[in-house]
Amino acid sequence: MKRRNFTWVLLSALFLGSMSLTASAADRPNILFIFTDDHAPHAIGAYDGWLKDVNPTPEIDKLAAEGMLFQNSFCTNSICGPSRAVILTGKHSHLNGFMHNGNSFDSSQQTFPKLLQKAGYQTGIVGKWHLKSQPTGFDFWTVLPGQGSYYNPMMITPEGRKRFPGYCTDIVTDMAIDWLEEGRDPDKPFILMCQHKAPHRTWMPAPRHLTLYDDMTMPEPKTLFDDYADNASPARYQELEIDRHMGLVYDLKMTPAEDFDASKVPGDKSGFKNLDDMTPEQRAEWDAAYGPKNEAFLKANLKGKDLVRWKYQRYAKDYLRCVKGVDENVGRLMAYLKETGLDKNTIVIYSSDQGFYIGDHGWYDKRWMYEESLKMPLIVKWPGVTKPGSVNQELVQNLDYAETFLDIAGAEIPSDMQGRSLVPLLKGKHPKNWRTAIYYHYYEYPSVHMVAQHNGIRTDRYKLINFYQFGEWEFYDLKVDPDELTNEYNNPEYADIVADLKEQLKSLEEKYKDDSDLSEKSEQWKKEVRASGDYH
Ligand code: CA
């Protein structure tokens, strides 16, 4: 009996061994996952948004022309760290434990890189990590601490911290190419996550892009002067307006006065402090670019809407300059894959952790369930599989990425992951039982930017948002109101639809096991939390 068992084990081992040999690099595609921070779809030419004429992304557009673009791609929780944790785990924030940026990721839990390693993949990550704890499940990793810096960034490696000279987006790409060239085992398939800081606040462009767009006026979003009259009250108590909250020095590169105190600036200070880390040459180029523009601004002495318009122009240009740096580096990676022939068996994915307000509704930043920050770009080029130039309209989420990577690798998808593999969609199929609604939940409140907690549901046409702590709801018919300017929650014509969506929302809370406290807070609490505004 013992001997028979032994023989069976031996034969099985031989069989499985040969299986894994035959199913190695040649069969299983590599995955290059290019991921940015705060890159809104409407700042990508291929997404055909209101910034398309500026066209900051010819290289990403090329990727879309060669692959599949997902038009209805959404995050589950519109903020940096949580989006990343959802991608690693295939689970909503309340289950993976990283609900807001103050958390530290429990790196002992199941993640797709660990499962891919087991399936014979090499795993690598370079660039923005933003999950506090050290990366696990990666054969290769070099990450930025926290938000990281644009210029001469400090990076964390398994051997410790080290500063790298240059511009962050270029450095991260160099590291990705180095690993592809020399670091990896060429006999194994790989997934490489190339994750940029750009175009995150405080939008510091590369030296070569400091004067890009100087000769043009950016188109303005039509909601730049939104007064939130129709919204539930949380939209009027936020702190992410270009007008009232965007800083001239911290965000918009005005030369600080002698007595400028960076500690009085709300939010992360890394961007502003990064000026001190520049080399004298970098700083000279920076001052030469911004100095004359700053002088002209001071002379103009702008007020009211003119001042908002100027702030918007400076902000949008810097944001798009950072996007330009990303786009050029996407081009460099594509060129490298082509030169080496890796392009034939490498799936290239472009995505970003959430969308962003580029002056839409008068805002910058993200967090809300409104379209501009709910949407994530998602473009996938799978040679021989995705139809070039195809556009997919199904509702997909970052919740689906882990399952998709595992499916591509032929690995089993654990039953406790909550998303679905996108592989059938990438193959051009439209499964009849695909989801008809997505679930969203944002938790970081009270905190910087003061966006109230909310959860909600979005279908292909409607959106229902519950600002539960304040006992207020919003409902939008996106077909007639794509900019979400008319809250129809109390419109009797929509009463049946709203009631149905409430039921569906409850079902999604149950389906995804979200048992968060959704109760309304006391009037006293509401008053106090709002009085704590101007959050520092
Ligand atoms: Ca982000």
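Scroll up a little and you will see the structure.
Calculation criteria
Residues numbered from 1 in each chain as written. Predicted model: local features only at pLDDT ≥ 70, side-chain atom pairs only at ≥ 80, totals over all residues. Heavy atoms only, no water. Helix = DSSP H or I, 4+ residues; strand = E, 2+ residues; numbered from the N terminus. Rg over C-alpha atoms; globule rule 2.2 N^0.38 Å. Buried < 20%, exposed > 50% of the residue type's maximum accessible area, 1.4 Å probe, protein only. Contact = heavy atoms within 4.5 Å. Lys, Arg positive; Asp, Glu negative; His and termini not counted. Charge placed at Lys NZ, Arg CZ, Asp CG, Glu CD. Salt bridge = Lys/Arg side-chain N within 4 Å of Asp/Glu carboxyl O.

Turning to the overall build of the protein chain, a few remarks are in order. What the protein chain contains, in helices and strands, is 14 helices and 16 strands. Computed over C-alpha atoms, the radius of gyration of the protein chain comes to 24 Å, within 12% of the 24 Å expected from 2.2 N^0.38 for 536 residues, which places it in the range of a compact globule. Scored against the burial criterion, the 536 residues of the protein chain give a buried share of 59%. Intrachain contacts of the protein chain at a sequence separation of at least 6 include 70% that bridge at least 24 residues. Computing the positive centroid from 63 side-chain charges and the negative centroid from 77, the protein chain places the two 4 Å apart.

Below, the discussion takes up the pattern of salt bridges. Across all of its chains, the model carries 33 salt bridges by this definition. Between Asp 251 and Arg 201 there is a salt bridge, with the nearest N and O atoms lying 2.6 Å from each other. One end of the pair, Asp 251, is in the loop between β8 (190-195) and α7 (270-273); the other, Arg 201, is in the loop between β8 and α7, with 50 residues separating them in the sequence. Comparing Asp 251 with Arg 201, the two get one shared label, buried. Residue Arg 461 is joined to Asp 477 by a salt bridge in which the shortest nitrogen-to-oxygen separation is 2.9 Å. One end of the pair, Arg 461, is in the loop between β14 (454-459) and β15 (462-467); the other, Asp 477, is in strand β16 (residues 472-477), and 16 residues separate them in sequence. In this structure Arg 461 comes out as partly exposed when scored by relative accessible area, which is 27%. Residue class for Asp 477 comes out buried when judged on its relative accessible area of 1%.

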